[in-house]
Amino acid sequence: MIYLDNAATTKTAPEVVDAMLPYFSEYYGNASTIYGLGSESKKAITNAREIIAKGLGARTEEIYFTAGGSEADNWAIKATAEAYAAKGKHIITTKIEHHAVLHTCEYLEKQGYEVTYLNVDRDGLVDLEELKGAIRSDTILISIMFANNEIGTIEPIKEIGEIAKEKGVLFHTDAVQAFGQVPINVDELHIDMLSASGHKLNGPKGIGFLYIRTGIKIRSFLHGGAQERSRRAGTENVPGIVGLGVAVERAISTMEERTRKEIELRDYLIQHVEKEIPHCWLNGHRKKRLPNNVNLSFLYIEGESMLIMLDMKGICASSGSACTSGSLDPSHVLLAIGLKHEEAHGSLRLTLSEETTREDLDTVVDELKKIVERLRDMSPLYADFLKGQKK
Ligand SMILES: *Cc1c(COP(=O)(O)O)cnc(C)c1O
């Protein structure tokens, strides 16, 4: 099997699993108790919190564990909207956010909030002048993703942070794809809130965190016990938190070397596809791009058919359709960068990992070339196109 869907989820690293296991079998105590067994859990939670805080240049008490990236996004947006409603009810985000942000904003619109969805250019980049122009006296939050999960484009986060700070508006970023792949310092980038998730960086699923800068008046997400400084009740997922801590430590300590290798392989794959397969192009910015992301559009091809045929060759990839929802709507991200519906349908996302090799990519390009030829041979649109060329 060649797994190239690391933007969807990653393999849990063996050392992450090893670190988690004792917290199921041996150290199963509730961290809120005072006897020794519970304090083992408490220590492990504190340790993970310290690792993450250090990784972001944040303070330990600014890290709040959640059940993943979606929860962190929901919390950041809904709870600031509620807490700052007296100041205003206007939120700014982009058209290319993950659904955890977009659907949360749509929900808030139904609750009487107003949301501006910023456009992006052909590369997926936000226009800073458009952002400045969108800020009003009643704007309470800017939520812009660090890096896009489909096309890999990395947004100008520092510039966005500076604008937000200057205008006195809170800035949240969904860094689920970027954290562990790109160096992040919340002070240097002027980030007030940041979401991340364990399973996107070789950690476990169902665990993530929200960084909340000290002084922000965000409401509690869950009411109940006093866990997470009374802002997110519920007995802590100790094994998950331990696993997340190890995954973060690992991702940050290996980042430089891993991403250098991934960038090389990423560009190798892009060049080969562009050279070997006609009528295709790269989506997203060529340089301001996640180290492991390749997103391509192929004319006269149905992305879903490509995925099925790749799967038959043992290759896991993803397409530009929102197939998770059971619908075949083209991706909102690809439409936002200006692709036509049929172009968005013919797209393919390949996301690499530290385990990906050059040989894997050679196999993928070989198979892809054959698949694209076969599908085009069956396409009446492609036949029309060829006829048109002969005239
Ligand atoms: C995967 C992802 C999420 C959701 O994270 P979960 O932990 O799966 O809930 C949010 N935002 C982005 C950009 C993602 O890639």
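Please refer to the structure higher up on the page.
To keep things clear, this report deals only with the structure shown in the data block. Treat the numbers as computed from the prediction; the structure is a model and nothing was measured.

A short note on the nonpolar core
Item 1. The biggest cluster of nonpolar side chains holds 63 residues, and the ones touching the most others in it are Leu56, Ile142, Phe146, Ile184, Ile191, Leu194 and Phe209.
Item 2. Not counting residues within four places of it along the chain, the set of residues in contact with Phe146 comprises Thr153, Ile154, Glu155, Ile157, Thr173, Asp174, Ala175, Ala178, Val182, Ile184, Leu189 and Ile191.
Item 3. Counting residues in each nonpolar core, the second largest holds 30 residues, with Ile301, Ala317, Val365 and Ile371 among its members.

Quick word on the environment of Lys95
Item 1. The topology assignment puts Lys95 in the loop between strand S3 (90-94) and helix H5 (99-110).
Item 2. In this structure Lys95 comes out as partly exposed when scored by relative accessible area, which is 36%.
Item 3. Each C-alpha atom, one on Lys95 and one on Leu335, is 9.3 Å from the other, the two residues being 240 residues apart in sequence.
Item 4. Leaving out residues up to four positions away in the same chain, Lys95 has contacts with Leu102, Tyr117, Leu118, Asn119, His332 and Ala336.
Item 5. A polar side-chain atom of Lys95 sits 2.5 Å from a polar atom in the side chain of Asn119.

Overview of helix H10 (residues 255-276)
Item 1. Look at H10: 31 Å from first C-alpha to last across 22 residues, which is about the 32 Å you get at 1.5 Å a residue.
Item 2. Among all positions in H10, only Met255, Arg258, Thr259, Glu262, Leu265, Arg266, Tyr268, Leu269, Ile270 and Val273 are buried.
Item 3. Packing partners of the buried residues in H10 comprise helix H9 (238-253), strand S9 (280-282), strand S10 (293-298), strand S13 (347-351) and helix H14 (358-377).

Some details on the site of the ligand
Item 1. For the ligand, the set of nearby residues contains 13 residues, the closest of which are Ser70, Asp174, Gln177, Ser197 and Lys200.
Item 2. Contacts to the ligand include Gly69, whose backbone N or O atom sits 2.8 Å from an oxygen atom.
Item 3. Among the elements that make up the shell around the ligand, the one with the highest residue count is helix H4 (residues 69-83) (three residues).
Item 4. Broken down by class, the residue content of the shell around the ligand amounts to two nonpolar, eight polar and three charged.

Here we look at the side chain of Thr10
Item 1. Structurally, Thr10 is set in the loop between strand S1 (2-3) and helix H1 (14-20).
Item 2. Here Asn202 takes part through its backbone nitrogen, which lies 2.7 Å from a polar atom of the side chain of Thr10.

Thoughts on the sheet that holds strand S7 (residues 193-197)
Item 1. If you walk across this open sheet you meet the seven strands as S2-S8-S7-S6-S5-S3-S4, and the pairing is mixed. Strands with a single pairing partner mark the edges of an open sheet, and in this sheet they are strand S2 (63-66) and strand S4 (114-118). Recorded for the sheet is a direction-independent mean angle of 20° between the axes of neighbouring strands.
Item 2. Note that S2 and strand S8 (residues 208-212) share four bridges and pair antiparallel.

Here we look at the pattern of salt bridges
Item 1. One pass over the structure, following the stated rule, counts 21 salt bridges.
Item 2. Its salt-bridge partner being Glu355, residue Lys11 comes within 3.2 Å of it at the nearest N-O pair. Residue Lys11 is found in the loop between S1 and H1, and its partner Glu355 is found in the loop between S13 and H14; the two are separated by 344 residues along the sequence.
Item 3. In this structure Glu355 comes out as exposed when scored by relative accessible area, which is 51%.
Item 4. Among the salt bridges present, the one from Glu129 reaches Lys132, with a minimum N-O distance of 3.3 Å. With Glu129 and Lys132 both in helix H6 (residues 128-134) and three residues apart, this pair spans about one turn of that helix.
Item 5. With a relative accessible area of 36%, Lys132 lands in the partly exposed category.
Item 6. Shared partners join several salt bridges into a network, and the residues in it are Glu15, Arg250 and Glu354.

Regarding the environment of Asn237
Item 1. Mapping Asn237 onto the fold places it in the loop between helix H8 (227-230) and H9.
Item 2. For Asn237, a relative accessible area of 33% corresponds to the partly exposed category.
Item 3. The contact partners of Asn237, leaving out residues within four places of it in the chain, are Gly206 and Ile207.

Concerning the packing of H10 against H14
Item 1. Packing of H10 against H14 brings their axes to within 10 Å, and their N-to-C directions diverge by 25°. It follows from the interaxial angle that H10 and H14 lie roughly parallel. For the crossing formed where H10 meets H14, the hand is right-handed. Residue-level inspection shows Glu264, Leu265, Tyr268, Leu269, His272, Val273 and Glu276 of H10 in contact with H14, the latter providing Arg358, Leu361, Asp362, Val365, Leu368 and Lys369.
Item 2. Considering only residue class, the contact of H10 with H14 consists of seven nonpolar, one polar and five charged.

Section: the packing of aromatic side chains
Item 1. Following the criterion strictly, the structure yields seven aromatic pairs and no others.
Item 2. Seen from their ring centres, Trp75 and Phe221 are 5.9 Å apart, and the 40° between their planes marks the pair as tilted. Separated by 146 residues along the polypeptide, Trp75 in helix H4 and Phe221 in the loop between S8 and H8 bring together distant segments of the chain.
Item 3. On the basis of relative accessible area, Trp75 is assigned to the buried category, the value being 0%.
Item 4. Seen from their ring centres, Tyr382 and Phe385 are 5.8 Å apart, and the 25° between their planes marks the pair as stacked. You can see Tyr382 and its partner Phe385 sitting in helix H15 (residues 380-390), three residues apart, about one turn around the helix.
Item 5. Look at Tyr382 and you get buried, because its relative accessible area is 14%.
Item 6. Judged by its relative accessible area of 23%, Phe385 is partly exposed.
Item 7. Three or more aromatic residues link up through ring pairs in this structure, and these residues are Tyr64, Trp75 and Phe221.
Item 8. When the ring centre of Tyr113 is taken as origin, the NZ or CZ atom of Lys89, which lies over that ring, is 4.9 Å away.
Item 9. The cationic tip of Arg358 hangs over the ring face of Tyr268; the distance from NZ or CZ to the ring centre is 4.2 Å.

What counts and how
- Once a new chain begins, its residue numbering starts again from 1 and follows that chain's sequence as written.
- Where totals are concerned, whole chains, interfaces and linings use all residues; where local detail is concerned, this predicted model gives features only for residues with pLDDT of at least 70, and gives and counts side-chain atom pairs only at 80 or more.
- The side-chain numbers reported here are obtained from all heavy atoms of the structure, hydrogens and water having been left aside.
- Buried Ala, Val, Leu, Ile, Met, Phe, Trp, Tyr and Cys residues that are joined via side-chain atoms within 4.5 Å together make up what is termed a nonpolar core.
- Under the scheme applied here, a residue whose accessible area is under 20% of the maximum for its type counts as buried, over 50% as exposed, and between as partly exposed, the area being computed with a 1.4 Å probe on protein chains only.
- In what follows, residue pairs with any heavy atoms lying within 4.5 Å of each other are defined as contacts.
- Numbering of helices and strands runs from the N terminus, with a helix taken as a DSSP run of H or I at least four residues long and a strand as a DSSP run of E at least two residues long.
- Polar contact criterion, stated in full: a pair of N or O atoms within 3.5 Å, where within protein one must be able to donate a hydrogen and the other to accept it, and residues adjacent in sequence count only if both atoms are side-chain atoms.
- The span expected for a helix works out to 1.5 Å for each residue beyond the first.
- Near residues are defined by distance, with any heavy atom within 4 Å of the molecule or strand qualifying the residue.
- Note on residue categories: nonpolar means Ala, Val, Leu, Ile, Met, Phe, Trp, Tyr, Cys or Pro, charged means Asp, Glu, Lys or Arg, and polar means any other residue, Gly included.
- Two strands pair under a simple rule: DSSP has to find at least two bridges between them.
- Each axis is a line fitted through C-alpha atoms, and for a helix only the stretch in contact is used; angles between axes span 0 to 180 degrees, taken between their N-to-C directions.
- Counted as salt bridges are all cases of a side-chain nitrogen of Lys or Arg within 4 Å of a carboxyl oxygen of Asp or Glu.
- Roughly parallel refers to an angle under 35 degrees, roughly antiparallel to one over 145, roughly perpendicular to one between 65 and 115, and oblique to any angle outside these ranges.
- For a crossing to be left-handed, the near helix must be turned anticlockwise from the far one by less than a right angle; the clockwise case is right-handed.
- Each aromatic pair joins two rings of Phe, Tyr and Trp (for Trp, the six-membered one) with centres within 6.5 Å, and gets the label stacked for planes under 30 degrees apart, edge-to-face for over 60, and tilted for any other angle.
- Whether a charge sits over a ring comes down to the Lys NZ or Arg CZ being within 6 Å of the ring centre and within 35 degrees of the ring normal.

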